[in-house]
Amino acid sequence: MRLGTPLPAALAVAALTVLAGAVPAAAAPGARAAAPPPVSHCTPAAPLTQRGAERPAGPTVGLCVTVAGASMTVSASADCACDVSGTWTARRGDEDGAASGTLGTRADYPGPGTYEVTATVQVGGTPRAAAAPPAGTVTGTFTLTAPKPAPSHTIEVGSPAALTPGTTTTLTYTVARTSDDGDGSARFGLIGEPGTGIELASTDVRCVNPLTGRYPATKRSPHALDCALTDLQPGRPATVTVHVTLPADTCSTIVSKLGYWTPKGQQVAGAMLNGPTVRCG
């Protein structure tokens, strides 16, 4: 359930123009301005610091942060022909864990502020990588001014929003579209933790457990549910009822996501929205 870069065009123009420090030109009434490309902020490369040590380790690595509407991407690059992978966390003022994610993938953008981003990275493809890939941390400070746009869709889950081992819990999700941009199509997904024995089921004809394996395999994933919604309109939300069964003495969380289109002619555009996480109580 992966779609393109999130943003209604009008919000993209406002967010990215502010980030770039420019003043938008006035648009004609009813005209849709083209969204400029996302703007990246980068820090100079610095030597990796080994965990628990003051001395640098391996090649120098630089960080970049790209904000595009309601999402942000942190990427890292090294001064060598090598691969850089890892995870990152961001601190905004006294707020630890303001954002986090995997390098090179999108994460939720918390909004304007000065962020200290710390990445824990591993560098592959170097002469040392076969025996012991260089690894360590690198930190950069970024001042981001782009406003966080209001979401075009929302996901809510009703009570009880907690799971109990050895029981079947009924969860009711409400998916609403709040923006006039786009259409009524959306893909709503729920995923439990694989290997825990959790089972997700629904009598809703719009929902199905996804297939796994190569054709002609017919096995489906009991821990995941995929619902195709086609009639979302502002003022007309969709309700999805899900039955969650957990084995005794086993816990699992359930995460929810929504993928949706914001069609502009034949341009491929859309977004992915994180919904609430239901935990095991």
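Anything mentioned here points back to the structure above.
About the criteria used
Residues numbered from 1 in each chain as written. Predicted model: local features only at pLDDT ≥ 70, side-chain atom pairs only at ≥ 80, totals over all residues. Heavy atoms only, no water. Helix = DSSP H or I, 4+ residues; strand = E, 2+ residues; numbered from the N terminus. Buried < 20%, exposed > 50% of the residue type's maximum accessible area, 1.4 Å probe, protein only. Contact = heavy atoms within 4.5 Å. Areas by Shrake-Rupley, 256 points an atom, 1.4 Å probe, with all protein chains shown as cover. Pairing = 2+ DSSP bridges. Disulfide = S-S within 2.5 Å.

J.: What is the right way to look at the overall build of the protein in this model?
T.: Broken down by element type, the protein carries 1 helix and 20 strands. Residue burial in the protein is summarised as follows: out of 281 residues, 37% are buried. Expressed as a percentage of contacts within the protein between residues at least 6 apart in sequence, the contacts between residues at least 24 apart total 64%. Accessible surface, the protein: about 14,800 Å² in total, of which carbon and sulfur atoms supply 54%.

J.: Sorry, what's going on with the sheet that holds strand β19 (residues 270-274) here?
T.: Sheet strands associate in pairs through backbone hydrogen bonding, adopting either a parallel or an antiparallel arrangement. Ordered in space as β15-β16-β13-β18-β19, the 5 strands form an open sheet in which the pairing is antiparallel. Among the strands making up the open sheet, the edge pair consists of β15 (207-208) and β19. Judged from the 7 bridges that link them, strand β13 (residues 186-192) and strand β18 (residues 254-261) form a sheet pairing that is antiparallel. For R187, the partnering residue across the bridge sits in β18 and is G259.

J.: I'm lost on the state of the cysteines in this one. Help?
T.: Working definition: the covalent bond between the sulfur atoms of two cysteines is a disulfide. By the definition in use, this model includes 4 disulfides. In this model, C80 is linked to C82 through a disulfide, with the two sulfur atoms separated by 1.8 Å. Handedness here is read from the sign of the S-S torsion; for C80 and C82, about 60°, the answer is right-handed. Judged by its relative accessible area of 29%, C80 falls in the partly exposed class. Its relative accessible area of 16% is what places C82 among the buried residues. Bonded cysteines in the protein are paired 1-2, 3-4, 5-6, 7-8 when counted in the order they occur along the chain.

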